[in-house]
Amino acid sequence: MHLNPYGADVVNFAAELANRPPASAGELADRCRAAGLVLERPVEPSDLDQTLAVVDVWTKVVDATDERAKAGLVNEMLARSAAYPRLTDHAHGWHLHYRDDLQPLGAVLFALISVGTAMHLVSRGMDRLGRCAAADCERIFADTSRTARQRYCSQPCANRDAVRRHRARHSTPPARLAGGRR
């Protein structure tokens, strides 16, 4: 997975992991490959455990309502995953790694998600991670929109909520007949 200047790929992947946690090391490996991450080592159950722990910590960043608290949580993540950036050409030409080489996948994801989240928040805005505004949805999303106005995790949730609001505005209580009967 290439870390773009905005961190969008990484935060979208983190949101996907948070919304639908992998159930096995094999599923984690498949989803990482599908996201473009080059796996340099076999994926172990301990990688799944560490990834789920990273997602739990990351979810606290998403749910933080105060910018300073959010920054503090990201800084804690960055400190725990600290390694000096290095150039590498192992897969897709020269690019930066924000981690030591040959780390297990759980540590790699911790570093990627920490740095990607920091880049996303400082380049797009501290409020650009959130939960879906639909009443029946708790999914996490990373707002990568140009307008910085994303409120829903998906278009179906936005549509359902719009229909619900429309019906609420246009519904009228049934008229009562004389004598209390309808």
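Scoring rules and cut-offs
Residues numbered from 1 in each chain as written. Predicted model: local features only at pLDDT ≥ 70, side-chain atom pairs only at ≥ 80, totals over all residues. Heavy atoms only, no water. Salt bridge = Lys/Arg side-chain N within 4 Å of Asp/Glu carboxyl O. Helix = DSSP H or I, 4+ residues; strand = E, 2+ residues; numbered from the N terminus. Buried < 20%, exposed > 50% of the residue type's maximum accessible area, 1.4 Å probe, protein only. Axes fitted to C-alpha atoms, helices over the stretch in contact; angles between N-to-C directions. Parallel < 35°, antiparallel > 145°, perpendicular 65-115°, else oblique. Contact = heavy atoms within 4.5 Å. Nonpolar A, V, L, I, M, F, W, Y, C, P; charged D, E, K, R; others polar. Expected span 1.5 Å × (residues − 1).

Moving on, we come to the pattern of salt bridges. Tallied over the full model, the rule gives 10 salt bridges. In this structure, Asp30 engages Arg33 in a salt bridge whose closest nitrogen and oxygen atoms are separated by 3.3 Å. In this pair, Asp30 and Arg33 are both assigned in helix 2 (residues 25-34), three residues apart and thus about one turn of the helix distant. Classification of Asp30 as partly exposed rests on a relative accessible area of 48%. One salt bridge connects Arg165 with Asp161, and the closest N-O pair in it is separated by 2.9 Å. Pair noted here: Arg165 and Asp161 are both in helix 6 (residues 155-170), with a separation of four residues, about one helical turn. Look at the salt bridges and you will find they share partners, linking Glu16, Arg20, Glu27 and Arg31 into a network.

Here we take up the packing of helix 1 (residues 8-19) against helix 3 (residues 45-63). Between helix 1 and helix 3, the shortest axis-to-axis distance is 10 Å and the interhelical angle comes to 105 degrees. The orientation of helix 1 with respect to helix 3, classified from their angle, is roughly perpendicular. Each of Val11, Ala14, Ala15, Leu17 and Ala18 in helix 1 lies in contact with helix 3, whose residues at this interface are Thr51, Val55, Trp58 and Thr59. When its residues are assigned to classes, the contact of helix 1 with helix 3 shows seven nonpolar, two polar and no charged.

Structurally, Thr51 can be placed in helix 3. Apart from residues no more than four positions distant in its own chain, Thr51 is found in contact with Leu17, Leu28, Gly106 and Leu109.

On to helix 1, then. With 12 residues, helix 1 should reach 16 Å at 1.5 Å per residue; the first-to-last C-alpha distance of 16 Å fits that figure. Within helix 1, the full set of buried residues consists of Ala8, Val10, Val11, Phe13, Ala14, Ala15 and Leu17.

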